[in-house]
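Spelled out from the first residue to the last, the chains are:
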Protein chains: 4
Amino acid sequence: MQFLSDNSAPVHPAVWDAMHAADASDTPYDGDALSADLDARFGDVFGRECAVLWVATGTAANCLALAAMVPPHGAVVCHKEAHIEMDEGGAPGFYLHGAKLLLAQGEGAKLTPETIAAVIDPIRDDVHQVQPHAISITQATEYGRVYTPAEIGEIAALAKARGLRLHMDGARFANAMVHLGVAPGEVVNGVDALSFGCVKNGAMSAEAIVFFDPSLADVARYRRKGAGHLQSKGRFLAAQLKAMLADNLWLTSARAANAAATEIAQSCAGRLLHPVEANELFVRCTAAERETLRAQGFGFYDWGAEAARFVTAWNTRSEDAGALAKAIASL
Amino acid sequence: MQFLSDNSAPVHPAVWDAMHAADASDTPYDGDALSADLDARFGDVFGRECAVLWVATGTAANCLALAAMVPPHGAVVCHKEAHIEMDEGGAPGFYLHGAKLLLAQGEGAKLTPETIAAVIDPIRDDVHQVQPHAISITQATEYGRVYTPAEIGEIAALAKARGLRLHMDGARFANAMVHLGVAPGEVVNGVDALSFGCVKNGAMSAEAIVFFDPSLADVARYRRKGAGHLQSKGRFLAAQLKAMLADNLWLTSARAANAAATEIAQSCAGRLLHPVEANELFVRCTAAERETLRAQGFGFYDWGAEAARFVTAWNTRSEDAGALAKAIASL
Amino acid sequence: MQFLSDNSAPVHPAVWDAMHAADASDTPYDGDALSADLDARFGDVFGRECAVLWVATGTAANCLALAAMVPPHGAVVCHKEAHIEMDEGGAPGFYLHGAKLLLAQGEGAKLTPETIAAVIDPIRDDVHQVQPHAISITQATEYGRVYTPAEIGEIAALAKARGLRLHMDGARFANAMVHLGVAPGEVVNGVDALSFGCVKNGAMSAEAIVFFDPSLADVARYRRKGAGHLQSKGRFLAAQLKAMLADNLWLTSARAANAAATEIAQSCAGRLLHPVEANELFVRCTAAERETLRAQGFGFYDWGAEAARFVTAWNTRSEDAGALAKAIASL
Amino acid sequence: MQFLSDNSAPVHPAVWDAMHAADASDTPYDGDALSADLDARFGDVFGRECAVLWVATGTAANCLALAAMVPPHGAVVCHKEAHIEMDEGGAPGFYLHGAKLLLAQGEGAKLTPETIAAVIDPIRDDVHQVQPHAISITQATEYGRVYTPAEIGEIAALAKARGLRLHMDGARFANAMVHLGVAPGEVVNGVDALSFGCVKNGAMSAEAIVFFDPSLADVARYRRKGAGHLQSKGRFLAAQLKAMLADNLWLTSARAANAAATEIAQSCAGRLLHPVEANELFVRCTAAERETLRAQGFGFYDWGAEAARFVTAWNTRSEDAGALAKAIASL
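The rules behind these values
- Residues numbered from 1 in each chain as written.
- Chains lettered and ligands numbered in written order.
- Predicted model: local features only at pLDDT ≥ 70, side-chain atom pairs only at ≥ 80, totals over all residues.
- Helix = DSSP H or I, 4+ residues; strand = E, 2+ residues; numbered from the N terminus.
- Rg over C-alpha atoms; globule rule 2.2 N^0.38 Å.
- Contact = placed C-beta atoms within 7 Å.
- Axes fitted to C-alpha atoms, helices over the stretch in contact; angles between N-to-C directions.
- Parallel < 35°, antiparallel > 145°, perpendicular 65-115°, else oblique.
- Left-handed = near helix turned anticlockwise from the far one by under 90°.
- Nonpolar A, V, L, I, M, F, W, Y, C, P; charged D, E, K, R; others polar.
- Core = buried A, V, L, I, M, F, W, Y, C linked by C-beta atoms within 7 Å.
- Buried ≥ 20, exposed ≤ 12 C-beta atoms within 10 Å, placed from the backbone.
- Least-squares fit on C-alpha atoms with pLDDT ≥ 70 in both.
- Pairing = 2+ DSSP bridges.
- Domains from an automatic or database assignment.
- Expected span 1.5 Å × (residues − 1).
- Arc of directions from axis to C-beta.

A. Local environment of the overall build of chain A. Along the backbone of chain A there are 15 helices and 10 strands. Against the globule reference of 20 Å for 331 residues, chain A gives a C-alpha radius of gyration of 20 Å, in line with a compact fold. Overall size of chain A, expressed as C-alpha extent along the three principal axes, is 55 × 55 × 35 Å. Excluding contacts between residues fewer than 6 apart, the proportion of contacts in chain A whose partners are at least 24 apart in sequence is 76%.

Dropping the structure here:
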């Protein structure tokens, strides 16, 4: 029973089907009908014009989006535990040619206008200090916390006031949406580009960069090619993205993952380091307790010395979630 | 009847099968058994130790290989019509942080020791001029020409004598192998890294970087992550590569493509700009002639004002090749 | 008698005087009165608004100017023998983060609208090929040739028509001006940024980047700091530049250098590889002849196997020029 | 009475003299006798072999040194208030092509083995996290604190144990040396490269990068050219460096600066945020008190809301230091 991560879960059957269907085309790169249709499909989801590029990984999505926003001499404000800072092997430094990440605080890896201001206000407007050009927030955060539309609105307002772009790392955007239960468009007000995650939600190898400012997409298209991310059989990535949107598969899958997380959370409310709003649980437990759980066949990562991280996925079976819940309750 | 390119041909059924089988695993990144087995499988093919990384595109393969060999202040000697110079959207400049491509001449996009020396000999050994650190050759070349083992050996000897690394862009390595009919190991003597192409040969989205100097692979692994090319469901890329090697599918597929090209070539020997040694044909023909062919349903690219490029693939049907041959003969 | 280069000639006494006078200030970086006055002083010279930054080297001037014009995924069209291509140790690749130099032909290292078009016209407007964003011309060229205002106007018109920026490497701009004998403003019509050279003309360590589009200067200021070129005692660079402009020292010095070159040229008209329009001579002569000259105490560089390059400077003595002229005539 | 910074103090007369003398040479770049002599002169100072490059700024010195040590996918551990992090406009990101600065804690901007380990120990040895390749310490620190040879030895031992290079930013190395009163060689044990500052100590525009591992210098020479820092009249930089070393001018000048700082410190011991070990004072004082001081003609920077920074220089007059001391005492 695997709760290590959602990032290697099986591919959803509907995604497989769409990929097989895509094999009929033979138009290279992103010239195929599936790729061409993405702007419209995501436009439907978000209720506004957007320009969409597929890429194979969330790291590429985040970095290509940011590279379109931030010059090499600039900086991005993000949380000190943001994925782009912690887990992408320095990809932002590479893609942004040495632009900096400016690290801000915030409970549950959530930025606030105050924590952002605490980072950027002391920066003198001179050439000796690197100037911020964008803010990046993660929805849901690296601790499974979810920004409300109001919270995003406040950050977007700050961004606008300071002349900064706003990027959203939505590796688990679907999980956040399920938690919020509002229209997707409400969650991206003021957002310039969204990394719309699918791999953690049942896709194989496709993420979408959704540019709400299409001018950014023009730059990103060149940068995607230059980064070796323009696959010649891109139709298979487009097919995955379309399959995820079709019949709201993205929401259905995330709903299943969130539900499993919620079920587990109920067994260990007193141990939770963070409220469970998406599909991740950070559970206080000793090394001995972790060993006990592992002995019962549960797979998960240690989270520091005194906690464990459990992640559910679209395919987490209810009985497995139940078993884990019971096992934790019995510790 | 599509002769535009092999880069968007259908995925081979055996590749599909292997990908489906890979879905059973859930180990992320390249920690899965399929990925772990690649060194041994390619080691079998080449008869020597190698370290293998999967990536999604040939551009990424070429650039990651070169980035492991060449410092930012260095240069790569390549043919002036090499893919890395002409068709990768500046990816080498990005991956190598501004290192240069030094452009050499050569019939059929083939470098020779002489044309390489003509580029590097005039370079003074001082800081004012960018110093070469590697040579990159394409096998088969961008004009479908094939280096013999002896030719490669001469270039490798030059590289060694000058302290340069040798990279081989093998986007169509399989097609070259079929033409040569020798053991693969004979074709990579002195080569430090090979971009082993599969996408043009029936895979969906997987190329192999085969490092014959494993120390280069250690650097490339970090660079792959930093470039956003470490897919979390990497097992699907490993599966494709293994499927290509299994039962020599890579050679079988290339043999089919080459055979189709040869069949067409026989109809237009007098029009060929280059001998047909792999799966590409460059055929002298007027605009009117090209229109005639297109009117018959043949798809292909113009090659300048007075020629056309036809590319066959693993799935090119013999009757289609025959039809094209006949059509050209009838011009 | 040194004719190796003008780049290491002595510092003009007026420059020394200005530097000493500058020591009285102690305002750091470019906050001093001398630096602040540069925009106005160069504005007077060119008869238009400009924003001026000092830097220590021509390489830094060229690269900072280009970095403000060209994104990392773009390219600069320049002559294949341009200084930025041949002699700057790959600095453009570094400063432009991998953007390419696209190499064009042209007699005497002069670009023409035709040779520029020959490079950029074949570039498809797609992401597979690096797109030009700027043109860089050298005035006077690396072969001592001078663009007329009309020639520059044609190139500027092409640049404008194609949406490209125009940069002028004016390492020997003063020498070109002396040859042309027109108002400086006439020579920079349509130019976005000029590297205004002083080091080869009697300064010690100061070049000016003159931005005729001041918005580019805002970016360049950040880039200059990030490149380690914002000297804390920048007043000494500003002082050099002001001294060069004062009383037209820049023109007086260049006039002396050009005159010396002209004197030498008269002795060897039949041997000249290029017309002498500035302060460089490329003289056909055998190895034996070069040895003869060196035996007489003349210093110069070989230019390939069958020529020599002689460069005069602001301080070249008429008797030395005469002696060289005589020596060449006697060969 | 200026206590803003030592970075814009006048040029020492001996430096002027040496520069004038250097004008007699006309060998370009670093081919002159003065440049060639630097290795030996610094070798004398440090009692070991070293390879020395001049550059115009401390930022360039730091970044070129680090660029020779750290690959683009690596990282440098430095103090969170280090100059390279705070005040160099992102230059390390540019020069190191996106390599990261990993920020460590430490009293008075001094790193310790413990604070370094606190940063690097949690870094997993995998490709998802950026790996450290070097440590950079500042001697004296940004708060005017001085590492003892023993402290450096401990950090060097840690660096060696972890396979990291050690860089020392010695913008105020001379001030530290005066405080320590030991042989220079004792202070650089285990250091791979030292940015030996002169500009803050009476030079005009020359810093030395002293490589104790000469192999690093070979890379740095190429990088210096590529960064536009190889001045053609480099003899003037070499002359400055030699003048600083001659007759121990570097120590004499620093001794004067330190003495002035010590004199001031005695008047405000109770207000000092940091012990005064070099030539910087961080003095607790209110906005009103700062206004009082400024009204008396003292120039200095605010240091946050509740302190002021005073910096003395080689030319600070004893009467000025005394006047400031008295003024602070009278607050």
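B. Geometry of the packing of helix α13 (residues 249-266) of chain B against helix α15 (residues 318-329) of chain B. Residues and elements named next belong to chain B. Relative orientation of the contacting elements α13 and α15 amounts to 20°, with a least axis distance of 8 Å. Judged by the angle between their axes, α13 and α15 are roughly parallel. At the point where α13 passes α15, the crossing takes the right-handed sense. Here Ala-260, Glu-263, Ile-264 and Gln-266 of α13 come into contact with α15, specifically with Ser-318, Ala-321, Gly-322, Leu-324, Ala-325 and Ile-328. Classifying every residue of the contact of α13 with α15 gives six nonpolar, three polar and one charged.

C. Highlighting the nonpolar core. Ranked by size, the top nonpolar core spans 246 residues in total, and within it Leu-64, Ile-209 and Val-210 of chain C together with Leu-64, Ile-209 and Val-210 of chain D carry the most contacts. Core analysis: the next-biggest nonpolar cluster, separate from the first, contains 245 residues, Trp-54 and Val-283 of chain A together with Ala-193 and Ala-327 of chain B among them.

D. Structural detail: unusual backbone geometry. A cis amide bond links Gln-139 of chain A with the next residue in sequence, Ala-140 of chain A, at an omega value of -10°. Tracing the chain through its elements places Ala-140 of chain A in the loop between β4 (131-138) and α8 (149-162). Notably, His-97 of chain B is not glycine yet its phi reads approximately 60°, a positive angle. Here His-97 of chain B shows up in the loop between α6 (91-95) and β3 (100-104). Residue classification places His-97 of chain B among the buried positions, given that 25 C-beta atoms sit within 10 Å.

E. Spotlight on the relation of the copies chain A and chain B. At an RMSD of 0.0 Å, chain A and chain B line up after a rotation of 180° and a shift of 0.0 Å along the axis. Expressed as a symmetry operation, the mapping of one chain copy onto the other fits a two-fold axis. Closest approach to the rotation axis among the C-alpha atoms of chain A is made by Ala-227 of chain A, whose C-alpha sits 3.5 Å away.

F. Broad picture of the sheet that holds strand β8 (residues 280-284) of chain B. All names here are of chain B. Strand order in the open sheet formed by three strands is β8-β10-β9, with antiparallel pairing between adjacent strands. Two strands in the sheet have a free side with no partner beyond their single neighbour: β8 and β9 (301-302). The pairing of β8 with strand β10 (residues 307-311) spans five bridges and is classified as antiparallel. Residue pairing in the sheet places Glu-280 in a bridge with Val-311 of β10.

G. Structural detail: the domain arrangement of chain A. Residue and element names in this part refer to chain A. For chain A, the assigned domains are domain 1 (13-247) and domain 2 (249-329). One C-alpha centre belongs to domain 1, the other to domain 2; they are set 27 Å apart. Between domain 1 and domain 2, the residue contacts involve 22 residues of the former and 17 residues of the latter. For the side of domain 1 that touches domain 2, the elements supplying multiple residues, two or more each, are α9 (173-180) and α12 (235-245). In terms of residue count, α9 provides more of the side of domain 1 that touches domain 2 than any other element does, six residues in total.

H. Just the environment of Arg-309 of chain C, in detail. Residues and elements named next belong to chain C. Looking at where Arg-309 falls in the secondary structure, it is placed in strand β10 (residues 307-311). Residue Arg-309 is classed as partly exposed on the basis of its C-beta count, with 19 C-beta atoms lying within 10 Å. For Arg-309 and Gly-299, which are 10 residues apart along the polypeptide, the C-alpha to C-alpha distance reads 9.7 Å.

I. Spotlight on the pairing of β4 of chain A. All names here are of chain A. Of all the eight residues making up β4, eight are buried; the element is thus mostly covered by neighbouring parts of the structure. In this structure, strand β2 (residues 74-79) lies alongside β4, joined through four bridges in parallel fashion. The residue bridging Gly-74 from the neighbouring strand is Gln-131, located in β4. Of the strand pairs in this sheet, β4 and strand β5 (residues 165-170) are connected by five bridges, and their pairing is parallel.

J. Local environment of the environment of Ala-256 of chain C. Topologically, Ala-256 of chain C is positioned in helix α13 (residues 249-266). The residues contacting Ala-256 of chain C, other than those within four sequence positions of it, are Trp-314 and Thr-316 of chain C.

K. Focus on helix α15 (residues 318-329) of chain A. All names here are of chain A. With 12 residues, α15 extends 16 Å from end C-alpha to end C-alpha; this agrees with the ideal 16 Å at 1.5 Å per step. Every buried residue belonging to α15 is among Ala-321, Leu-324, Ala-327 and Ile-328, and all of these are buried. One face of α15 carries all of its buried residues, which in axial projection span an arc of 125°. Set apart from the buried face of α15 by more than 90 degrees, the exposed residues are Ser-318, Glu-319, Lys-326 and Ala-329. Buried positions along α15 lie against α13 (249-266), β8 (280-284), α14 (287-295) and β10 (307-311).

L. Highlighting the relation of the copies chain D and chain B. Its rotation angle being 180°, the transformation that places chain D on chain B also includes 0.0 Å of axial translation and leaves an RMSD of 0.0 Å. With an isologous cut-off of 70% or more, the 100% of interface residues of chain D that recur at the interface of chain B puts this contact in the isologous class.

M. Main features of the interface of chain D and chain B. Contacts between the two partners involve 11 residues from chain D and, on the opposite side, 11 residues from chain B. Taken together, the residues of the side of chain D that touches chain B break down into four nonpolar, four polar and three charged.

N. Main features of α13 of chain B. With 18 residues, α13 of chain B extends 26 Å between its outermost C-alpha atoms, agreeing within 8% with the 26 Å of an ideal straight helix rising 1.5 Å per residue. Within the sequence span of α13 of chain B, burial applies to Leu-249, Trp-250, Leu-251, Ser-253, Ala-254, Ala-256, Ala-257, Asn-258, Ala-260, Ala-261, Ile-264 and Ala-265 of chain B.

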